[in-house]
Amino acid sequence: YNLTIVNNTIVENNELTMTWDELTALGLNIEKDYDPVSGRNNCYFTDKSSGYSIFTNNNLSGKLILPNSITRISYFAFAKCETLTSVIIPDSVKYIGRGAFTNCISLTSVIMGNSVTSIGDYAFMDCTSLTSIILPHSLKTINERGFNNCNLKTLTLPDSLETISDNAFGRNRS
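### Considering the overall build of the protein
Consideration 1: Assigned secondary structure in the protein consists of one helix and 14 strands.
Consideration 2: Among the 174 residues that make up the protein, the fraction classed as buried is 42%.
Consideration 3: As presented, the protein carries roughly 9100 Å² of accessible surface, and 46% of it is formed by carbon and sulfur atoms.

Dropping the structure here:
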């Protein structure tokens, strides 16, 4: 597996390849699982002391374009990335985890790929600059407080949606 990070920031066209031992020495847990649908091995990196994604509380800023190799966004993956303004989630992603983008207070735009079926609890909670979102036609579930305390003015719900949990859109400012 290759991890592309320079100074705690995702970079394009620059690859930093580290061994499992080097990643573990940095204080990272490495979780591997096999996705039988895609036939891919997936890899998740979390901080050993906090259990959160290595990008939580990070200084990621501007536009984040996730690669097609990602099939799920882990719990609190980009939580509190306060200067992140937009995210493009590829068609390969099926699940957005609990708190994945919570407290990304500058996030104004999210483009979701056409394969997302579930948005986890608190996934976009407290994204107070998020004003509109178009949800994909594949979406079946928005879990508890998925978009709680946002500023949604425009929302398009797909026909595929089966479950909207408690307070999924609670405390919206608009």
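### Describing the pattern of salt bridges
Pairs can form between side chains of opposite charge whenever their charged atoms are close.
Consideration 1: Scanning all chains against the criterion turns up three salt bridges.
Consideration 2: A salt bridge links K140 to E162; the nearest nitrogen and oxygen atoms lie 3.8 Å apart. With a gap of 22 residues between them, K140 in the loop between strand 11 (132-134) and strand 12 (141-142) and E162 in the loop between strand 13 (154-156) and strand 14 (163-164) connect regions that are remote in the sequence.
Consideration 3: Overall, K140 belongs to the partly exposed group, its relative accessible area being 38%.
Consideration 4: Owing to a relative accessible area of 60%, E162 belongs among the exposed residues under this scheme.
Consideration 5: In this structure, R145 engages E144 in a salt bridge whose closest nitrogen and oxygen atoms are separated by 3.9 Å.
Consideration 6: Here E144 falls in the partly exposed class, since its relative accessible area comes to 29%.

### Some details on the sheet that holds strand 10 (residues 118-119)
Consideration 1: The sheet built from five strands is open, its strands ordered 6-8-10-12-14 with parallel pairing. Among the strands making up the open sheet, the edge pair consists of strand 6 (72-73) and strand 14.
Consideration 2: Bridge count for strand 8 (residues 95-96) against strand 10 is two bridges, and the pairing is parallel. The residue of strand 10 that forms the bridge with Y95 is S118.

### A word on the nonpolar core
Generally speaking, soluble globular proteins have nonpolar side chains that are buried together.
Consideration 1: I89, I96, F101, M112, I119, F124 and F147 are the most contacted members of the largest nonpolar core, which totals 32 residues.
Consideration 2: Here F147 is in contact with M112, I119, F124, L130, I133, L135, I142, L152, A168, F169, G170 and N172, once residues within four sequence places are set aside.

### Some remarks on the side chain of S118
Consideration 1: Take S118: it is sitting in strand 10.
Consideration 2: Owing to a relative accessible area of 14%, S118 belongs among the buried residues under this scheme.
Consideration 3: Engagement of the side chain of S118 in a polar contact is seen with the side chain of N143, the distance being 3.5 Å.

### Some thoughts on the packing of aromatic side chains
Consideration 1: Applying the stated rule across the entire model yields four aromatic pairs.
Consideration 2: Between the aromatic rings of F101 and F124, the centroid separation amounts to 5.3 Å while the plane-to-plane angle is 10 degrees, which identifies the pairing as stacked. Taken together, the residues F101 in the loop between strand 8 and strand 9 (109-111) and F124 in the loop between strand 10 and strand 11 connect sequence positions 23 residues apart. The two residues F101 and F124 agree in class, both being buried.
Consideration 3: Between the aromatic rings of F147 and F169, the centroid separation amounts to 5.5 Å while the plane-to-plane angle is 5 degrees, which identifies the pairing as stacked. Linking F147 in the loop between strand 12 and strand 13 with F169 in the segment after strand 14, this pair joins segments that are 22 residues apart in sequence.
Consideration 4: Since its relative accessible area comes to 22%, F169 is described here as partly exposed.
Consideration 5: An aromatic cluster is defined as three or more aromatic residues linked by ring pairs; in this entry it consists of F78, F101, F124, F147 and F169.

The rules behind each value
- Residues numbered from 1 in each chain as written.
- Predicted model: local features only at pLDDT ≥ 70, side-chain atom pairs only at ≥ 80, totals over all residues.
- Heavy atoms only, no water.
- Helix = DSSP H or I, 4+ residues; strand = E, 2+ residues; numbered from the N terminus.
- Buried < 20%, exposed > 50% of the residue type's maximum accessible area, 1.4 Å probe, protein only.
- Areas by Shrake-Rupley, 256 points an atom, 1.4 Å probe, with all protein chains shown as cover.
- Salt bridge = Lys/Arg side-chain N within 4 Å of Asp/Glu carboxyl O.
- Pairing = 2+ DSSP bridges.
- Core = buried A, V, L, I, M, F, W, Y, C linked by side-chain atoms within 4.5 Å.
- Contact = heavy atoms within 4.5 Å.
- Polar contact = N/O pair within 3.5 Å; in protein donor to acceptor, adjacent residues only side chain to side chain.
- Phe/Tyr/Trp six-rings, centres within 6.5 Å; stacked < 30°, edge-to-face > 60°.

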